[in-house]
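Here are the chains, one letter per residue:
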Amino acid sequence: MTHKIIFLDVDGTLVDYHNNIPQSAIEAIQKARANGHLVYVCTGRSRAEMQKEIWEIGIDGMIGGNGSYVEHHDEVIMHQLIPLEEAKHIVDWLHERGLEFYLESNNGLFASENFRDAARPVMKTYALRKGKTEEEVKDQEAEDLLHGLVYGGELYRDDLNKVSFILNDYQDHLDSVEEFPELEAHTWGGRGETALFGDLGVKDINKAHAIDVLLDYLKANKKDTIAFGDAKIDIPMLEYCEVGVSMGNGGPEILAMADMVTDDVEEDGLYNAFKKLDLI
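Residues numbered from 1 in each chain as written. Predicted model: local features only at pLDDT ≥ 70, side-chain atom pairs only at ≥ 80, totals over all residues. Heavy atoms only, no water.

*Asks:* Could you clarify how one ought to interpret the pattern of salt bridges in this entry?
*Replies:* Pairing is possible between side chains that carry opposite charge, provided their charged atoms lie close to one another. Applying the stated criterion to the full structure yields 21 salt bridges. Close ionic contact of E143 with R116 constitutes a salt bridge, the shortest N to O distance being 2.2 Å. Separated by 27 residues along the polypeptide, E143 in helix α6 (residues 142–145) and R116 in helix α4 (residues 115–129) bring together distant segments of the chain. The partly exposed category is assigned to E143, whose relative accessible area is 26%. Each of R116, D117, R120, E141 and E143 takes part in salt bridges that share partners, so that together they form one network. (Salt bridge = Lys/Arg side-chain N within 4 Å of Asp/Glu carboxyl O. Helix = DSSP H or I, 4+ residues; strand = E, 2+ residues; numbered from the N terminus. Buried < 20%, exposed > 50% of the residue type's maximum accessible area, 1.4 Å probe, protein only.)

*Asks:* Help me out: how do you make sense of unusual backbone geometry in this one?
*Replies:* A negative phi holds for most residues other than glycine; trans holds for most peptide bonds. In the Ramachandran plot, N66 falls in the positive-phi region, its phi being about 55° despite a non-glycine side chain. Tracing the backbone shows N66 in the loop between β3 (61–64) and β4 (69–72). In this structure, K219 is a non-glycine residue whose phi angle is positive, near 55°. On the secondary structure map, K219 appears in the loop between α8 (207–218) and β12 (225–229). Under the relative-accessibility criterion, K219 is labelled exposed at 75%.

*Asks:* In this structure, what is going on with the sheet that holds strand β7 (residues 108–111)? I would like to understand it.
*Replies:* Where strands meet in a sheet, backbone hydrogen bonds hold them as pairs that are either parallel or antiparallel. Taken together, six strands build an open sheet; the order of strands is β8-β7-β6-β9-β11-β10 and the sheet is mixed. Looking at which strands have only one partner, the edges of the open sheet turn out to be β8 (149–151) and β10 (183–188). Across the sheet, the mean angle from the axis of one strand to that of its neighbour is 25°, orientation sign disregarded. Helix-sheet contacts for α4 involve β6 (101–105), β7, β8, β9 (160–166), β10 and β11 (197–202), and the interaxial angle to β9 is about 80°. Lying on the sheet, helix α7 (residues 170–179) is in contact with β9, β10 and β11; it crosses β10 at an angle near 165°. (Pairing = 2+ DSSP bridges. Axes fitted to C-alpha atoms, helices over the stretch in contact; angles between N-to-C directions. Contact = heavy atoms within 4.5 Å.)

Nothing here speaks to function; it is geometry throughout.
Pasting the structure below:
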């Protein structure tokens, strides 16, 4: 049997929208690894946001920050950071505009002065869009959804993978594109005008590029790769890998381009796909 290299997005793929890992997904990963396959998470999260339950499953490593960080068996293979000068520029610009933000690093998520209050309604909207009920979110704080959030930390930092900021208006994102031409600017938490956050990261970084770096390190073949995702940001990774699988709960763009569509994350989607692909 040829051993496969499997890449799993985290939010909406490995964990459901309540941040729980389905028991069947844990079983699928453990059985696949027992069969000699390699399993990596490939996520927008930084290392500090990876809950310990994910590591406890037993995985071979992670690609983080949407591709700026690559780790295999606790060894860092690549880490591309926002330069300190640029990081200061971002913090100053966001302060000037009165935008609240958090800085994403492997050492924690460092929040701006008034982030907690500003984030409360925004993260509620985000959770409601992901299927939570009004009752479930009524006492929710930002740190319930953002793991590793730190208040009162140093904001001029040289360890940043990316920066997320609350959009007061979609124009804030458009202006960030102008202000930081040497960085990659995206939005998340909704499409176009309904986006909740803007983010800024290192240019020419994506999940596909990071997989390329890892395969090179492993001296592994691209034809043995399988990727799983549920969102637009996962498309380059699904295109790059030999087999691209979309979760049933995926957005329309990824459902349209995937080689295979499995069940919803909450309906044993990973396990069922691992079975169908003869990984277990």
